[in-house]
Amino acid sequence: MPGANLGLRARVTLTFGLGALLLSTFMAGLTYFTARQYFLRQREVAVLRQAYVNASLVRSALRSPNPQIPQLLDSLDTLPGSRSVLERRGQWFATSISVGRNAISPAMQAMVTGGRPATQRFVLATVPELVVGVPVPSVSAAYFEVFSLEELARTLRILALALAGAALVTTVAGAITGRWASGRSLKPLGDVSRAAVLIAAGSLDTRMPATADSDLAPLTASFNRMADALQERIEREARFTSDVSHELRSPLTTLSAALGVLEMHRLELSGRTSEALDLLHVEMRRFQRMVDELLEISRVDAGSAELLLDTVDPSELLHHAAMAAGADIPVSVDPAASGKHILVDKRRMERVVANLVGNASQYAGGVEALCIEDGPGSVRLVVADRGPAVAPEDRERIFERFYRGGAAGRRGSTEGTGLGLSLVAEHVRLHGGRVWVEPGPGGGNRFVVEIPEVADDEVGNANRTAGSDGQDGPLRQVAP
Ligand SMILES: Nc1ncnc2c1ncn2[C@@H]1O[C@H](COP(=O)(O)OP(=O)(O)OP(=O)(O)O)[C@@H](O)[C@H]1O
Ligand SMILES: [Mg+2]
């Protein structure tokens, strides 16, 4: 179907335009033909009336002895553009050389000389003409008047042009109306799509505003019902994760204490039991970290995480956080980024850096370099290592929950849970930033955390608190 690829707006515009074109062409045609009929009829009546008057003059003149026919014809009163032709006993007389017997069709000649009046239209040398014939049987003559319709044709041409112009304007106006009307009627769909995008971005409390429009109210209501259900479900799941993690904490504490008791009696244990104890320790730490991370993730999911915002120097932050995580390496600062500040929750950013540093030592033999780089309206904190590069197909997936890429080896071979980078991504997202991994120029990986920079006038405006209920990215201030 042609037009199937066109958008809804384009199709509505086209339909309106075509509708307006059809209607205006029909109306213009109707107007033109009605006007043409009316004007022609008017001319015919006027010429006919004049011809009857002249025919009666001709009759009285021809009754006189020795009538001078050419002079008689010249003396007749005719309408402007009208010429007289007279036939008497097979002889033809005319006031004009161009219009004479030739202008009258044989059929008409026969009809009028046969005693019946007639009118006829014809074209003589591209000029439309109207001929009216009146029989004057009492003097064996027929009187004709040939009237030029040139002027009327010109008027009709102007009328046709004006009507065509009007039809064109109407068509364009129709198309514009269609575009405007479709824009207006599609606006609610745009609102729905924007609301859906906000919800998908984590702003679960986004709703469509109530509307009085009875056509739109069901759409708004069902969209909001869907959003309610979605929010309810997501919150329930987050609560469940949080509850489970909390419930796991006390048995974990007991297990941990029991392990401590066993540890005290290590010397009494056989070699294999001691090995088993080491394994238990490793798994215990992994379990504890997983529970902590799950709790943190559930807080982010539930939107209950709060951001305690401070304006900080990114290089200082990176240096201190990396040092605390065991990587005492100087931070190199790109000159373009020096002096830039970021507004962050320090504790969370320290967790982010600690996670990246931890991964570098776990999978890549330690951190190779720490850099602050410049980004568009942002600052980039980079943790680089020299380990095996993350496979291209894993570069996004390693930020997913529980995903442990190839470098981690088989599940159970390391202490990792696969939650670290997903938490990094959540924390960074709460700051309105993003995080990614890219291969380093000389091998290894570069984990890049990009945080929007603070405008100069905001620097120093520290210690702000923001809710992290995911509203349109992050940094939603809850207290000034
Ligand atoms: N610096 C790195 N070099 C190579 N691979 C990495 C690096 N950092 C992360 N990865 C890969 O990404 C995967 C996911 O990392 P993530 O930190 O999310 O989980 P984890 O380290 O396995 O567990 P957790 O950090 O929760 O204890 C890792 O299993 C590893 O395969
Ligand atoms: Mg990790």
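Quick notes on the rules
- Residues numbered from 1 in each chain as written.
- Chains lettered and ligands numbered in written order.
- Predicted model: local features only at pLDDT ≥ 70, side-chain atom pairs only at ≥ 80, totals over all residues.
- Helix = DSSP H or I, 4+ residues; strand = E, 2+ residues; numbered from the N terminus.
- Rg over C-alpha atoms; globule rule 2.2 N^0.38 Å.
- Buried ≥ 20, exposed ≤ 12 C-beta atoms within 10 Å, placed from the backbone.
- Contact = placed C-beta atoms within 7 Å.
- Pairing = 2+ DSSP bridges.
- Axes fitted to C-alpha atoms, helices over the stretch in contact; angles between N-to-C directions.
- Expected span 1.5 Å × (residues − 1).
- Core = buried A, V, L, I, M, F, W, Y, C linked by C-beta atoms within 7 Å.
- Parallel < 35°, antiparallel > 145°, perpendicular 65-115°, else oblique.
- Left-handed = near helix turned anticlockwise from the far one by under 90°.
- Nonpolar A, V, L, I, M, F, W, Y, C, P; charged D, E, K, R; others polar.
- Arc of directions from axis to C-beta.
- pLDDT = per-residue confidence, 0-100.

### With respect to the overall build of the protein
A tally of regular secondary structure across the protein gives nine helices and 14 strands. For 480 residues, the compact-globule estimate of 2.2 N^0.38 gives 23 Å, and the protein exceeds it by more than 25% at 49 Å. In terms of overall dimensions, the protein has a C-alpha envelope of 165 × 50 × 45 Å along the principal axes. The buried share of the protein, taken over its 480 residues, is 28%. Across the protein, the fraction of contacts at a sequence separation of at least 24, relative to all contacts at a separation of at least 6, is 65%.

### Remarks on the sheet that holds strand β11 (residues 434-439)
Judged by pairing direction, the sheet is mixed, and its five strands sit side by side in the order β7-β9-β10-β12-β11 without closing on themselves. Both outer strands of the open sheet, β7 (331-333) and β11, are each paired with one neighbouring strand and no more. For this sheet, the mean angle separating the axes of adjacent strands, direction not counted, is 20 degrees. Two strands pair when backbone bridges link them, and strand β9 (residues 367-375) and strand β10 (residues 378-385) are joined in this way by eight bridges, in the antiparallel orientation. Each residue of the ladder has a partner; that of Gly 375, found in β10, is Ser 378. Where helix α7 (residues 314-324) meets the sheet, its contacts fall on β7, β9 and β10, and the angle it forms with β9 comes to roughly 160 degrees. Docked against the sheet, helix α8 (residues 346-363) engages β9, β10 and β12 (445-452), running at close to 25 degrees with respect to β10.

### Concerning the environment of Arg 101
Residue position: Arg 101 is located in the loop between β2 (91-94) and α3 (106-113). Arg 101 sits 258 residues away from Asn 359 along the chain, and the two C-alpha atoms are 112 Å apart. Apart from residues no more than four positions distant in its own chain, Arg 101 is found in contact with Val 85 and Trp 92.

### Looking at unusual backbone geometry
The residue Arg 89 is not glycine, and still its phi comes out positive at about 50 degrees. Mapped onto the secondary structure, Arg 89 falls in the loop between β1 (82-88) and β2. In this structure Arg 89 comes out as exposed when scored by C-beta crowding, with 8 C-beta atoms within 10 Å. Phi at Ser 140 is positive, roughly 55 degrees, even though this residue is not glycine. With respect to the helices and strands, Ser 140 occurs in the loop between β4 (127-136) and β5 (141-148).

### Details of α8
Here α8 spans 25 Å end to end across 18 residues, near enough to the 26 Å set by a 1.5 Å rise per residue. Those residues of α8 not exposed but buried are Arg 348, Met 349, Val 352, Val 353, Asn 355, Leu 356, Val 357, Asn 359, Ala 360 and Tyr 363. Packing partners of the buried residues in α8 comprise α7, β8 (342-345), β9, β10, α9 (420-430) and β12. Immediately beyond the C-terminal end of α8, within one or two residues, lies Gly 365, with a positive phi of roughly 70 degrees.

### With respect to the nonpolar core
Most often, soluble globular proteins keep nonpolar side chains buried together rather than apart. Of all hydrophobic cores here, the largest spans 49 residues; its most connected members are Leu 318, Ala 322, Val 353, Leu 356, Val 357, Val 383 and Val 424. The leading source of residues in this core is α8, at seven residues. Leaving out residues up to four positions away in the same chain, Val 353 has contacts with Leu 318, Ala 321, Ala 322, Ala 325 and Val 383. Residues Ala 55, Leu 86, Leu 130 and Phe 147 belong to the second largest nonpolar core, which totals 26 residues.

### Here's the deal with the packing of helix α1 (residues 8-63) against helix α4 (residues 150-200)
Relative to each other, α1 and α4 sit at 160 degrees, their axes nearing to 7 Å. By the angle between their directions, the pair α1 and α4 is classed as roughly antiparallel. In terms of crossing hand, the pair formed by α1 and α4 is right-handed. Class assignment for the residues of the contact of α1 with α4 results in 20 nonpolar, 14 polar and four charged.

### Concerning α7
Taken together, the buried positions of α7 are Pro 314, Ser 315, Leu 317, Leu 318, Ala 321 and Ala 322. Buried residues of α7 fall within an arc of 160 degrees about the axis and therefore sit on the same side. Against the buried residues of α7 lie β6 (306-312), β7, β8, α8, β9 and β10. Among the residues trailing α7, Gly 326 stands out with phi positive, at a value near 100 degrees.

### What to know about the packing of helix α5 (residues 217-264) against helix α6 (residues 271-302)
One can describe the packing of α5 onto α6 by two numbers: an axis separation of 8 Å at closest approach and a directional angle of 155 degrees. As judged from the angle between their axes, α5 and α6 are roughly antiparallel. Regarding α5 and α6, the two cross each other, and that crossing is left-handed. Its residues assigned to classes, the contact of α5 with α6 shows 16 nonpolar, seven polar and four charged.

### Focus: the sheet that holds strand β3 (residues 118-124)
The five strands lie next to each other as β2-β1-β5-β4-β3, forming an open sheet whose pairing is antiparallel. Two strands bound the open sheet, and with one partner strand each, they are β2 and β3. Ignoring strand direction, the axes of neighbouring strands in this sheet form an average angle of 20 degrees. Note that β4 and β5 share eight bridges and pair antiparallel. The residue of β5 that forms the bridge with Pro 135 is Ala 142.

### Quick notes on the confidence of the model for the protein
For the protein, per-residue confidence averages 87 on the pLDDT scale, and 91% of positions sit at 70 or higher. The model gives residues 466-480 a pLDDT under 50, and that stretch makes 40 contacts with residues more than four places away or in other chains.

### Things to note about the pairing of β1
With six of seven residues buried, β1 lies mostly within the body of the structure. Taken together, the seven bridges between β1 and β5 define a ladder with antiparallel strand orientation. The partner of Leu 86 across the bridge, within β5, is Tyr 143. When β1 meets β2, the two strands line up antiparallel, connected through four bridges. Across the sheet, the residue bridging to Arg 88 is Gln 91, located in β2. Here β1 folds back onto β2, and the loop between the two strands holds two residues, one of which, Arg 89, carries a positive phi near 50 degrees.

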